[in-house]
Amino acid sequence: MEYLLLLAGLAGLFFGGEALVRGSVGIAQRLAMPPLLIGLTVVGFGTSTPELLVSVDAALRGASDIALGNVVGSNIANILLIVGVSALIWPIRVSGDTLKRDTGVMMAAAIILVPIFAFGMMGRVAGGILFASLVAYLVFAYRQSRNAPVADESDLPVPARGLWLSLVWVIGGLVALMFGARFMVDGAVTIARTFGVSEAFIGLTVVAVGTSLPELATSLIAAFRKQSEIAIGNIVGSNIFNVLGILGLTAIIAPIPVASRFLTFDLPIMIAVSLVLTLLLRRQMLGRGIGIVMLVAYGGYVFAAQ
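Residues numbered from 1 in each chain as written. Predicted model: local features only at pLDDT ≥ 70, side-chain atom pairs only at ≥ 80, totals over all residues. Heavy atoms only, no water.

Student: Any chance you could break down helix 8 (residues 199-211) for me, citing the residues and the numbers?
Tutor: In this model, helix 8 (13 residues) spans only 16 Å end to end at C-alpha, well below the 18 Å of a helix rising 1.5 Å per residue. Within helix 8, 11 of the 13 residues are buried, which leaves it mostly tucked inside the rest of the structure. Along helix 8, the residues classified as buried are Glu199, Ala200, Phe201, Ile202, Gly203, Leu204, Thr205, Val207, Ala208, Gly210 and Thr211. (Helix = DSSP H or I, 4+ residues; strand = E, 2+ residues; numbered from the N terminus. Expected span 1.5 Å × (residues − 1). Buried < 20%, exposed > 50% of the residue type's maximum accessible area, 1.4 Å probe, protein only.)

Student: Describe in detail the packing of helix 3 (residues 64-89) against helix 8, supporting the description with residues and values.
Tutor: Remark: helix 3 packs on helix 8, axes separated minimally by 7 Å, with the N-to-C direction vectors making an angle of 55°. By the angle class used here, helix 3 and helix 8 are oblique. The crossing of helix 3 and helix 8 is right-handed. Touching Asp65, Ile66, Gly69, Asn70, Val72, Gly73, Ser74, Ala77 and Leu81 of helix 3 are Glu199, Ala200, Gly203, Leu204, Val207, Ala208, Val209 and Thr211, all from helix 8. Of the residues that constitute the contact of helix 3 with helix 8, the class distribution is 9 nonpolar, 6 polar and 2 charged. (Axes fitted to C-alpha atoms, helices over the stretch in contact; angles between N-to-C directions. Parallel < 35°, antiparallel > 145°, perpendicular 65-115°, else oblique. Left-handed = near helix turned anticlockwise from the far one by under 90°. Contact = heavy atoms within 4.5 Å. Nonpolar A, V, L, I, M, F, W, Y, C, P; charged D, E, K, R; others polar.)

Student: Explain helix 11 (residues 260-282) residue by residue, including any values.
Tutor: With 23 residues, helix 11 ought to run about 33 Å at 1.5 Å a step, and its terminal C-alpha atoms sit 33 Å apart, in line with that. Maximal helix bending in helix 11 amounts to about 40°, located at aspartate 266; proline proline 268 follows within four positions. Considered for burial, the residues of helix 11 that qualify are Phe262, Asp266, Leu267, Met270, Ile271, Val273, Ser274, Leu277, Thr278, Leu280 and Leu281. (Bend = angle between axes of the 7 residues up to and from the residue.)

Student: Can you lay out the packing of aromatic side chains for me, pointing to particular residues and giving the numbers?
Tutor: Tallied over the full model, the rule gives 3 aromatic pairs. Judged by centre distance (6.1 Å) and plane angle (15°), the ring pair of phenylalanine 265 and tyrosine 301 falls under stacked. Of this pair, phenylalanine 265 sits in helix 11 while tyrosine 301 sits in helix 12 (residues 288-305); the two residues are 36 residues apart in sequence, bridging distant segments of the chain. Measuring from centroid to centroid gives 6.3 Å for tyrosine 298 and tyrosine 301, while their planes differ by 40°, and the two rings are tilted. Placement of both tyrosine 298 and tyrosine 301 in helix 12 is noted, with a separation of 3 residues, approximately one turn of the helix. (Phe/Tyr/Trp six-rings, centres within 6.5 Å; stacked < 30°, edge-to-face > 60°.)

Student: So, the environment of alanine 59: which residues are in play, and what are the values?
Tutor: Looking at the element boundaries, alanine 59 is found in helix 2 (residues 35-60). What makes alanine 59 buried here is its relative accessible area of 14%. Remark: the alpha-carbon pair of alanine 59 and proline 255, spanning 196 residues in sequence, is separated by 7.6 Å. In this structure, alanine 59 is in contact with Ala67, Thr250, Ala254 and Ile256, ignoring residues within four places of it in sequence.

Student: Any details on the pattern of salt bridges? Residues and values, ideally.
Tutor: Using the criterion set out here, one finds 2 salt bridges in the structure. Note that aspartate 57 is salt-bridged to arginine 61, the shortest N-O span being 2.7 Å. Classification of aspartate 57 by relative accessible area gives buried; the value is 12%. A salt bridge links arginine 261 to aspartate 266, with the nearest nitrogen and oxygen atoms 2.7 Å apart. Assessed through its relative accessible area of 22%, arginine 261 is described here as partly exposed. (Salt bridge = Lys/Arg side-chain N within 4 Å of Asp/Glu carboxyl O.)

Student: Summarise a nonpolar patch on the surface; cite the residues concerned and give the values.
Tutor: A cluster of nonpolar side chains, Leu163, Trp164, Leu167, Ile171, Leu174, Val175, Met178 and Phe179, forms an exposed patch at the surface whose accessible area comes to about 800 Å². Mapped onto the secondary structure, leucine 163 falls in helix 7 (residues 163-195). (Patch = residues over 30% accessible without salt bridge, like charges linked within 9 Å, V, L, I, M, F, W, Y side chains within 5 Å. Areas by Shrake-Rupley, 256 points an atom, 1.4 Å probe, with all protein chains shown as cover.)

Student: Account for the confidence of the model for the protein, naming residues and giving values.
Tutor: Here the protein averages 81 in pLDDT, while 83% of its residues score no lower than 70. Confidence, read as mean pLDDT per element, is least for helix 2 in the protein (71) and greatest for helix 5 (residues 113-118) (96). (pLDDT = per-residue confidence, 0-100.)

Student: Requested: an account of the environment of aspartate 266, with residues and values cited.
Tutor: Mapping aspartate 266 onto the fold places it in helix 11. Other than its neighbours up to four places away in sequence, aspartate 266 contacts Val72, Ile76, Leu204, Arg261 and Tyr301. Of note is the side chain of aspartate 266, whose polar atom sits 3.0 Å from the side chain of tyrosine 301. (Polar contact = N/O pair within 3.5 Å; in protein donor to acceptor, adjacent residues only side chain to side chain.)

Put into structure tokens, the structure is as follows:
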């Protein structure tokens, strides 16, 4: 039964996230929002909604290891798994100062978690600081990019047509996400207790990969279209949203106890892979060889995380 719950949760998160993004983009376009702002806010928050709902639901029910593991594990999977697969499909080529700025923010967001985790409790003040940092980043990024070339709307997810249909997609997506998050947490907790596996490990692997499905789909589509900037930008942006937005909002709603393993093992790995990605992007190309190394490294992390 627990496996059915887990599968139902995965399906709900995937299809709910897709519906939410399509409906939200449709509404944003009807309101004449510029593509850049849609990408920074609507799509960014939309693809991170599964992580938010799972982490909040887990924190409210006392499964703090799943709440934290979901975010930390998602960031590790985003880099090693999703970037690795994307590089295998088509070598990733990037350029420009925007990506340097965003990778810098991604690194800063990861490092700021060290003193927060060291306290052993992520409270509402820490959550407020993280979320306020996200708002400041979005405002700064939008103002800095207003004079940049206009983004191609074909790079955005396919929107729902018509205002009312868009609203239906948004509502349906939210409902699917809420049920998906509940089923995912129920199934993960039951499996962890049945097999004596830690909730942290389940959160860092199964739940983390499951909630990263929207990012995986977006990056794979971009890779197949040979749109490297979108594929890598999606990952960097998602990692920033996960730390500043998801953990920030979750801690504001329900303070999260931090197990020692996150400070001594998982967070250092997240910082290390974030640094590796930042340095690799300075080369302006990630080939298939690097993609294979990333996938092998992710397999090693999953094995060690047990």
